[in-house]
Amino acid sequence: MLSKRVIACLDVRDGHLAKSIRFVNTRNIGDPVAKAREYYLDGLDELVFYDITASSDRRKIILDVVEAVAEQVFIPLSVGGGVASVADATDLRLAGAEKINVNSAAVRRPALIAECANAIGNQNVVLSMDIRQVAAAGEMPSGYEIVVDGGRKPMAMDALAWALEGERLGAGELVVNSIDADGTREGYELKLTRMLSEAVRIPVIASGGAGEPGHLHDVLTEGKADAALVASMVHYGDYTVSGLKRYLHERGVKVRMSW
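With respect to the pairing of strand β8 (residues 144–148)
Of all 5 residues that make up β8, 5 are buried, and the element is covered over most of its length. Alternating residues of β8 divide into Y144, I146 and V148 and E145 and V147, and every residue in both groups is buried. With 4 bridges joining them, strand β7 (residues 125–133) and β8 adopt antiparallel strand pairing. Counted as the bridge partner of I131 is I146 from β8. Here β8 runs beside strand β9 (residues 153–158); their pairing, made up of 3 bridges, is antiparallel. Each bridged residue has a counterpart across the sheet, and for V147 the counterpart in β9 is P154. In this structure, the hairpin formed by β8 and β9 is closed by a connection of 4 residues, where D149 is found at a positive phi of approximately 55 degrees.

Printed below as a string of structure tokens:
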């Protein structure tokens, strides 16, 4: 059995670490470079960096901040926000990213996934999906809809169908981010995560809603996720990466321990 991963997410806006609740009321909360180093030294498995306004602003990602973060960590760094071409993916790889997250641009032009996979390898292409719950009917039979541009634009696209298409096109991982749970600290969206984990053969990263250690245990077991992404619960100092991994280890979840 592969080890489950604990992944920290840095949402970055204008060079600052930012946090929102359900993708609104975003505020700056710190320095992403300092946080990256803190989490790395505390045993983090992987780091995700999102430039959260790049897509909605129709601009490229802020490479200098990516480079500064990459210099502080020696674990996989996954970066997304505004990736619309192989050239964008290549720029991020040169800046220090190991994995490239595609989201809004891939929804608008799905061939982007295959192009990036062919250029940098399937294992380095992550399809990040922002998803909200809707009535299960018509174009959304799963009851979950894809939303783009940082949660601003619903696309009338079924999340389950898009996950399967992303896998077919060459994505090596999925990030399943529940807009309804994002920033609430009330727990991951287990039904959504389990549905997609059971449908695809590639790793699924659960995102949105982590507030206490038990939430990670639930999504990695009941939700069948391969990794749990955390943000608020470590950003605000309520929990540590090492403490979360110790909690999971003591409850029988296989994780990489540094002690």
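Some details on the pairing of β7
Of all 9 residues that make up β7, 7 are buried, and the element is covered over most of its length. Across 3 bridges, strand β6 (residues 99–102) lies against β7 in parallel orientation. If you follow V102 over to β7, its bridge partner there is L127. Relative to strand β10 (residues 173–178), β7 runs parallel, the two sharing 6 bridges. Following the sheet pairing, M129 is matched in β10 by V176.

Examining the environment of E212
In this fold, E212 is placed in the loop between β11 (204–207) and α8 (213–221). Considering only alpha carbons, one finds E212 and R185, 27 residues apart in sequence, at a separation of 7.4 Å. Those residues in contact with E212 that sit more than four places away from it in its chain are M233 and Y239.

Considering unusual backbone geometry
Phi angles above zero are rare outside glycine, and A156 is one such case at about 50 degrees. Looking at the element boundaries, A156 is found in strand β9. A positive phi angle is found at K224, which is not glycine, with a value near 60 degrees. Checked against the element boundaries, K224 lands in the loop between α8 and β12 (227–230). Here K224 falls in the partly exposed class, since its relative accessible area comes to 42%.

Remarks on the packing of helix α6 (residues 159–169) against helix α7 (residues 190–199)
The interhelical angle for the contact between α6 and α7, taken along N-to-C directions, is 35 degrees, at an axis separation of 10 Å. Note on packing geometry: the crossing formed by α6 with α7 is right-handed. Across from A159, L160, A163 and L164 in α6, the residues of α7 making contact are M195, L196 and A199. Of the residues that constitute the contact of α6 with α7, the class distribution is 7 nonpolar, no polar and no charged.

Digging into the nonpolar core
Membership of the largest hydrophobic core comes to 71 residues, with the highest contact counts inside it found for L47, M129 and L216. Residue contributions to this core peak at 5 residues, all from helix α5 (residues 111–120). Ignoring any residue separated from it by four or fewer positions in sequence, one finds L216 in contact with V6, Y188, A210, A228, V230, M233, L244 and L248. Listed in part, the 9 residues of the second largest apolar core include C9, V126, V175 and I205.

A word on the pattern of salt bridges
Side chains that differ in charge, positive against negative, can pair when their charged atoms come close. Evaluation of the coordinates by the stated rule reveals 16 salt bridges. We note a salt bridge from K99 to E46, for which the minimum N-O separation is 3.2 Å. Here K99, found in strand β6, pairs with E46, found in strand β4 (residues 46–51); they are 53 residues apart in sequence, far enough to count as distant. The burial state of K99 is the same as that of E46; both residues are buried. Connected via shared salt-bridge partners are R5, E46, K99 and E173.

Criteria and thresholds
Residues numbered from 1 in each chain as written. Predicted model: local features only at pLDDT ≥ 70, side-chain atom pairs only at ≥ 80, totals over all residues. Heavy atoms only, no water. Buried < 20%, exposed > 50% of the residue type's maximum accessible area, 1.4 Å probe, protein only. Helix = DSSP H or I, 4+ residues; strand = E, 2+ residues; numbered from the N terminus. Pairing = 2+ DSSP bridges. Contact = heavy atoms within 4.5 Å. Axes fitted to C-alpha atoms, helices over the stretch in contact; angles between N-to-C directions. Left-handed = near helix turned anticlockwise from the far one by under 90°. Nonpolar A, V, L, I, M, F, W, Y, C, P; charged D, E, K, R; others polar. Core = buried A, V, L, I, M, F, W, Y, C linked by side-chain atoms within 4.5 Å. Salt bridge = Lys/Arg side-chain N within 4 Å of Asp/Glu carboxyl O.

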